[in-house]
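Okay, here's what each chain looks like letter by letter:
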Amino acid sequence: MLLENLKTALEALFGNRLRSLLTLSGVVIGVFAVTTTISLGQIATAGITGELQAFGAQSLFVSRIFDDPTSEPFSDDDIDALSRLPIEILRQRSTNVWAVADEERVRLGLNGTTANAPQIDRTIDLDRGRFFDEGDAVRGAPVIVLSADAAEELYGGAATAVGRELVIETSGGNRSFYTVIGVKKRISGALGAFANDLSGDVPLESLYRDVPGLTRGRYDFMPITIALDRDASAIERQVRAILDRRRDPESYQIQSIEGALSLFNTITVILQALLGGIGGISLLVGGIGILNIMLVSVTERTREIGLRKALGAKPRTILQQFLIEAVVLTVIGGLAGVALSIASLWAVVAAVPFLDVFVLNPWVIALALGVSVATGVIFGVWPARRAAALSPIEALRYE
Amino acid sequence: MADAVATAPAPATVPSVAGPHGGDTVIAARGLRKTYVLGGGVEVHALRGLDLDVRRGEYAAIMGPSGSGKSTLLQILGCLDLPTSGSYVLAGDEVATLDEDALSTIRNQRIGFVFQAYNLLGRATALDNVALPLLYRGLPLRERRARALEALERVGLGDRTHHRPNELSGGQKQRVAIARALATEPDILLADEPTGNLDSRTGDEILGLFDDLHQEGRTILMVTHESDVAEHCERIIRIRDGVVEASEAVAQRRRPGHAEPAPTGA
Ligand SMILES: Nc1ncnc2c1ncn2[C@@H]1O[C@H](COP(=O)(O)OP(=O)(O)O)[C@@H](O)[C@H]1O
Ligand SMILES: [Mg+2]
């Protein structure tokens, strides 16, 4: 009988394609909207979090207070004092110069740094050529590694930049000839997408030689990398303790990516709540759609219920038929909605550069499917139950 | 079965009827009332304390003016609706005491009902319409098809099995409705103006069919407003204003295919 009823239900579904399609599209839209909005929130969160972690969750950025003239730069002694911690400190000086290529003249941030910078600063990733080595660093070789944007502006692209000559001009009028030995990749994802980073990295020695007025062993920033197995906040406290003994605690600041992360986390929680809310509303709308179609369909079919009862169908058999119809419709619609949602989410992840993690929480699917199947079943079977309780004649007369 | 010939009056397929009202009474109605309450609280008294006894195997016509309660009575006798008050004992069972499932079983197995308005399932073929009550009896598909086809052939629609109701004429729809009532081989057949939409030749065929069914021992109650149709029956029950006004035996029963009444009995 169950099998027969399944057949009857399927026949009814095929027999009334328009109504079936309407119900189906209600379910598809409801499930699609919920799954997509909620998952989008999660994908965005995962994308931003992953971005920040790639940038270096295990790093600290110590800087002097630039607005405060009494805030001294850091010294080699400061770095030595910190060196007993399980950290690596990048010695880096920065200044602004003019960079002149064949046709172009560009304002460039020039960083003097050490040969191990790519190991310490995780954002350094070479696209073309190489970073300078220990030998270049010791000799103060006139070599420069350009940012992707700088290579683009000066030479029209990374491919044509390597091996070319670049003139560095200081504000004092000094001109020095450098060779471009490498081009870095653009910082990936959300953080790099919108910034125009015009900079170049040269050995510290070369910077001191070619840019007069920079005192050796004085640093405005100390980028610090913490070994991944260490507790970053404990290290931060130790750095603070050491520096506080050496200088005024108010004369410097420490920024950690963790701090930034927690801010982003707050934002993404809000984002998720928002999208979750929209998802909830779409679920409600989808549910009302299903409810409406189910109610209409049962009203339409009260006469049919009356006829079936007149021919000897037991109320239980009729309810079974409506239950099967509702379940088949909502499950097919629900699965189609989920499939559509997965396809759209894939497309979004593929199209948006900083969304690179595809997240599909099974709970979201379960919730969307559960609610649509439940509304379909409740509002398909409950009115059918009412109709099946009428006498056949009352049901047949129903307008 | 397509050309069922009158044989023994009670074949083995017809269950025997027994009850407190005597071995011979299959329908016993006492003081049946049916009051419809309209929108504004207006009450329509369709039946006003109607008494009726029908013997097993009887072939009776119900006549009466329009609005006298004929359809209402037939629906109550068919267990399609419940009386507002009064007693209806069907084959020994007081219908008011039966639950939904028992009523479903009665509608499915004991009673064949031909609606005045056919009430066919619009999206199903003639064959599927006729097979529908057999589905609720739990018969396998093959047997349902075979029996439905047989019933359609019996009403002369063996060549219209795959037509949908909207592809059939009024008379053909009526015959599908009759075939559906016959398909379950019920021991009681209730028909509300079954020849109302048929031309006289098809009407005659249907009356011939009813006659065969009567010969098989089935109980038949037929509402009609045509006295020459009613004269095919053994008895005419006249209804007026919701009560039985008169009940008279037909002295000279008409026979299907004969223009003139034929002499009754052996
Ligand atoms: N569902 C209903 N609601 C209200 N009144 C009804 C209903 N069915 C029948 N009636 C009324 O009951 C009376 C008897 O109707 P019915 O049994 O159909 O008469 P008949 O079949 O003899 O023409 C009529 O006055 C009719 O209008
Ligand atoms: Mg009537």
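This one's a predicted model, so the numbers in the text were calculated from it and none came from an experiment.

**A word on the sheet that holds strand β3 (residues 59–63) of chain B**
Residue and element names in this part refer to chain B. Strand order in the open sheet formed by six strands is β6-β7-β8-β3-β9-β10, and the pairing between neighbours is mixed. Since the sheet does not close on itself, it has two edges, and those belong to β6 (111–114) and β10 (243–249), each with one partner. Geometrically, the sheet is characterised by an average inter-axis angle of 15° between neighbouring strands, direction not taken into account. Looking at chain direction, strand β9 (residues 235–240) and β10 are connected through six bridges and run antiparallel. From the neighbouring strand, R240 faces β10, where its bridge partner is V243. Contacting β6 and β7 (188–192), helix α5 (residues 170–183) runs over the sheet at an angle of about 175° to β6. Helix α6 (residues 200–215) rests against β3, β7 and β8 (219–223) of the sheet, and its axis sits at about 150° to β8.

**Comments concerning the environment of T25 of chain B**
Residue placement: T25 of chain B occurs in strand β1 (residues 25–37). Here the alpha-carbon distance between T25 of chain B and G57 of chain B, two residues 32 residues apart in the chain, equals 9.3 Å.

**Describing the sheet that holds strand β2 (residues 43–55) of chain B**
Residue and element names in this part refer to chain B. Strand order in the open sheet formed by four strands is β2-β1-β4-β5, with antiparallel pairing between adjacent strands. Each edge of the sheet is formed by a strand with only one pairing partner; in this case those strands are β2 and β5 (93–94). As paired strands, β1 and β2 are joined by 10 bridges and run antiparallel to one another. When the bridges of β2 are listed, V37 appears paired with E43.

**Observations concerning the pairing of β3 of chain B**
All names here are of chain B. Burial analysis of β3 places five of its five residues in the buried class, which makes it a mostly covered element. The alternating pattern of β3 places Y59, A61 and M63 on one face and A60 and I62 on the opposite face, and all of these are buried. Where β3 meets β9, four bridges bridge the pair, whose relative direction is parallel. Counterpart to M63 in the pairing with β9 is R238.

**Quick word on the site of ligand 1**
If you check the shell around ligand 1, you find 13 residues, and the closest are R397 of chain A together with G67, K70, S71 and T72 of chain B. Neighbouring residues of ligand 1 are distributed over chains A and B. In this structure, S68 of chain B approaches ligand 1 through a main-chain N or O atom, which is 3.3 Å from an oxygen atom. Protein chains bury 69% of the 550 Å² of accessible surface belonging to ligand 1 in isolation. Those elements giving two or more residues to the shell around ligand 1 turn out to be β2 and α1 (70–77) of chain B.

**With respect to the packing of helix α3 (residues 126–135) of chain B against α5 of chain B**
Residue and element names in this part refer to chain B. At a minimum axis distance of 8 Å, the contact between α3 and α5 shows a crossing angle of 30°. Judged by the angle between their axes, α3 and α5 are roughly parallel. As α3 runs across α5, the sense of the crossing is right-handed. On α5, the residues that touch A126, N129, V130, P133 and L134 of α3 are V176, A179, R180 and A183.

**Focus: the confidence of the model for chain B**
Residues and elements named next belong to chain B. Taken residue by residue, chain B gives an average pLDDT of 88. The fraction at 70 or more is 88%. Counting interchain partners and residues more than four positions distant, the pLDDT-below-50 stretch residues 1–23 has 37 contacts. Listed scores for the predicted complex are pTM 0.68 and ipTM 0.87.

**What to know about the nonpolar core**
Core analysis: the largest hydrophobic core is formed by 70 residues, its most contacted members being L73, Y88, L90 and L221 of chain B. Of all hydrophobic cores here, the second largest spans 45 residues; its members include I144, A150, A158 and A232 of chain A.

**Points about the packing of aromatic side chains**
Residue and element names in this part refer to chain A. In this structure the tally under the stated criterion is three aromatic pairs over all chains. The ring of W98 carries R105 above its face, with NZ or CZ at 4.6 Å from the centroid. We note R386 situated over the ring of W382; from NZ or CZ to the ring centre the distance is 5.3 Å.

Parameters and conventions
- Residues numbered from 1 in each chain as written.
- Chains lettered and ligands numbered in written order.
- Predicted model: local features only at pLDDT ≥ 70, side-chain atom pairs only at ≥ 80, totals over all residues.
- Heavy atoms only, no water.
- Pairing = 2+ DSSP bridges.
- Helix = DSSP H or I, 4+ residues; strand = E, 2+ residues; numbered from the N terminus.
- Axes fitted to C-alpha atoms, helices over the stretch in contact; angles between N-to-C directions.
- Contact = heavy atoms within 4.5 Å.
- Buried < 20%, exposed > 50% of the residue type's maximum accessible area, 1.4 Å probe, protein only.
- Near = heavy atom within 4 Å.
- Polar contact = N/O pair within 3.5 Å; in protein donor to acceptor, adjacent residues only side chain to side chain.
- Areas by Shrake-Rupley, 256 points an atom, 1.4 Å probe, with all protein chains shown as cover.
- Parallel < 35°, antiparallel > 145°, perpendicular 65-115°, else oblique.
- Left-handed = near helix turned anticlockwise from the far one by under 90°.
- pLDDT = per-residue confidence, 0-100.
- Core = buried A, V, L, I, M, F, W, Y, C linked by side-chain atoms within 4.5 Å.
- Phe/Tyr/Trp six-rings, centres within 6.5 Å; stacked < 30°, edge-to-face > 60°.
- Lys NZ or Arg CZ within 6 Å of the ring centre and 35° of its normal.

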